Amino acid sequence: MQNFAKSRRLSTASTRLYAGASMAPYPEDLYREHDVKRGLRNADGSGVVAGLTRIADVHGYRKEDGKFIPDEGKLTIRGYDIAEIIDHAQAEDRFGYEELAYLLLAGALPRADELESIGARIGSLRLLEEEYISEFPLATKSNSIMNVLQRAVLMLYAFDETPDDITAPHEVDVALSLLARLPRIAAIAHITHEAESSGIRVQVPEPNASASMAEAILQVLRGGDDYTHEEAMLLDVMLMLHAEHGGGNNSTFTCRVLSSSATDAYSAYAAAIGSLKGPRHGGANAKVTQMHADIREHVAHWDDDEEVAAYLAKILTGDAFDHSGLIYGMGHAIYTISDPRAQICKRYARSLADKKGLGEEFALIERIERIAPGVMRDVRGMTKPICANIDLYTGFIYSILGVPEILFTPLFAVARMAGWAAHRMEELYGAHRIIRPAYNAVLDDVTYVPLAER
């Protein structure tokens, strides 16, 4: 493997290369002077409108007479409240992710026969080709399962007879095949990595065509059917909560940007996975888990508000945890008063936490949610309403389910595949224009200096 650090040390003329103009930050007033919407966001924090969508709406505030008014959070998919979709599936004791995937792709709730059909199609596509499997282990040489997923998706391009076909039937077929294969690929990549580390032989159970998405994931992770129905139903809730979150989030926008160029589906989805991998996006859930462990270690009395608040203040000032000054899992770009996904997570996780003997840890997370906004106002002087986001609870729930930390973000990607597919197709067939924003040039004309005179 290439030793990049060593190659830098061997270079005696690399100062400007590693600390040149590309690394120089721009002063804040320059952005204001040129009216640049940093991060494609307006000065009040709202997103710059870049398109239209019929897929989802993420609501966290409203504007009245030009004023920013915080509001209760709401996530609607094709016009349906996500909480209502989840609650109906849970009340009927059935898995709901496949229903939500159909809603995202087709734009309407499935009839019973349509739901059965999409479940059967996804189930029938889980088995990976022998030729693919023979090459796949070579692509799993990485400590990042997200990196493996990117390469696995790009490798599937080579096993598609018409990979550059962007007609609607082919796009739907690719989406369904990835919904079927990605969970298995992620789980196999993990157990292969674990087996190589420990020297044991990989045992991958045969796919169960009749299993739900949640069951299929747990089947590979547990090496069989060693999981409860309640655990599978909770994982199903998590998959539904992560399936879609509007066109403006970074990974979905990335998918739409690539799709607007009419490139193939595999390239667009691999790029979306690369975006989601970042700690400012999907990778934040692991950071929250690490922060919770740090708080449990350094706070002696978890039920003491003052002691918890004092340690949160140390995290904010950069004197504790990772010294970033961030309380992970708190705050959101759109949600202000509440993140509906976090509220749903909390509701469905509480009973299972008690059954697993983790009630005190769960209560500590609820205490962090309650106390952190006040601490952030006191320490940072923040005036914007701050609520817990879904990441505050995601890692805890995955830990309850025995999902290793390295798979937290890959499961996010597996679930979001349905949303990415819906947005890709909307961009391909609805927008019909390549996304090409502008950047203001802030440079001076200079005269070229011959090499011998520099």
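Keep in mind the model is a prediction, meaning the values are calculated, not measured. (Residues numbered from 1 in each chain as written. Predicted model: local features only at pLDDT ≥ 70, side-chain atom pairs only at ≥ 80, totals over all residues. Heavy atoms only, no water.)

## Observations concerning the sheet that holds strand β2 (residues 67-77)
Here is step 1: If you walk across this open sheet you meet the 3 strands as β1-β2-β3, and the pairing is antiparallel. The open sheet has two edge strands, β1 (56-64) and β3 (80-81), and neither has a second partner.
Here is step 2: Two strands pair when backbone bridges link them, and β1 and β2 are joined in this way by 8 bridges, in the antiparallel orientation. When the sheet's bridge partners are listed, histidine 59 is paired in β2 with lysine 74. (Pairing = 2+ DSSP bridges. Helix = DSSP H or I, 4+ residues; strand = E, 2+ residues; numbered from the N terminus.)

## Here we look at helix α14 (residues 284-298)
Here is step 1: For α14, with 15 residues, the first-to-last C-alpha span of 21 Å sits near the 21 Å given by 1.5 Å per residue.
Here is step 2: If you check which residues of α14 are buried, you get Ala284, Asn285, Ala286, Val288, Thr289, Met291, His292, Asp294 and Ile295.
Here is step 3: Here the buried face of α14 lies against α15 (305-316), α17 (359-380), α18 (391-400) and α19 (408-431). (Expected span 1.5 Å × (residues − 1). Buried < 20%, exposed > 50% of the residue type's maximum accessible area, 1.4 Å probe, protein only. Contact = heavy atoms within 4.5 Å.)

## As for the packing of aromatic side chains
Here is step 1: In total, this model carries 8 aromatic pairs according to the counting rule given.
Here is step 2: An aromatic cluster is present here, built from Phe362, Tyr393 and Phe396 joined pairwise through their rings. (Phe/Tyr/Trp six-rings, centres within 6.5 Å; stacked < 30°, edge-to-face > 60°.)

## Observations regarding the pattern of salt bridges
Here is step 1: What the rule picks out here adds up to 25 salt bridges.
Here is step 2: A salt bridge links arginine 94 to glutamate 92, with the shortest nitrogen-to-oxygen separation between them at 2.6 Å.
Here is step 3: Salt-bridge contacts for glutamate 114 lead to arginine 111; the nearest nitrogen and oxygen are separated by 3.3 Å.
Here is step 4: In this structure, a network of salt bridges that share partners links the residues Arg62, Glu64 and Asp71. (Salt bridge = Lys/Arg side-chain N within 4 Å of Asp/Glu carboxyl O.)

## Section: the packing of helix α11 (residues 229-242) against α18
Here is step 1: At a minimum axis distance of 10 Å, the contact between α11 and α18 shows a crossing angle of 150°. As far as their axial angle goes, α18 and α11 are roughly antiparallel. The chirality of how α11 crosses α18 is left-handed. Every residue of α18 that contacts α11 at Glu231, Leu234, Leu235, Met238 and His242 is listed here: Thr394, Ile397, Tyr398 and Ile400.
Here is step 2: Partitioned by chemical class, the residues of the contact of α11 with α18 number 6 nonpolar, 2 polar and 1 charged. (Axes fitted to C-alpha atoms, helices over the stretch in contact; angles between N-to-C directions. Parallel < 35°, antiparallel > 145°, perpendicular 65-115°, else oblique. Left-handed = near helix turned anticlockwise from the far one by under 90°. Nonpolar A, V, L, I, M, F, W, Y, C, P; charged D, E, K, R; others polar.)

## A short note on helix α13 (residues 265-276)
Here is step 1: The first and last C-alpha atoms of α13 sit 17 Å apart over 12 residues, in line with the 16 Å expected at 1.5 Å per residue.
Here is step 2: Within α13, 10 of the 12 residues are buried, which leaves the element mostly enclosed by the surrounding structure.
Here is step 3: Residues of α13 that are buried: Ala265, Tyr266, Ala268, Tyr269, Ala270, Ala271, Ala272, Ile273, Ser275 and Leu276.
Here is step 4: Buried residues along α13 sit against α8 (145-156), α9 (168-198), α12 (250-260) and α19.

## A few points about the pairing of β2
Here is step 1: Between β1 and β2, which pair antiparallel in sequence order, lie 2 residues; one of them, aspartate 65, sits at a positive phi of approximately 55°.
Here is step 2: As paired elements, β2 and β3 share 2 bridges and run antiparallel to each other. The residue of β3 that forms the bridge with threonine 76 is aspartate 81.
Here is step 3: The antiparallel hairpin formed by β2 and β3 contains 2 residues in its connecting segment, where arginine 78 sits at a positive phi of about 50°.

## Describing the nonpolar core
Here is step 1: Counting 124 residues, the largest nonpolar core has Tyr97, Leu179, Tyr269 and Leu312 as the members making the most contacts within it.
Here is step 2: If you tally residues by element for this core, the top one is α9, at 13 residues.
Here is step 3: In contact with leucine 312, other than residues within four places in its own chain, are Ile295, Ile327, Ile368, Ile371, Ala372 and Val375. (Core = buried A, V, L, I, M, F, W, Y, C linked by side-chain atoms within 4.5 Å.)

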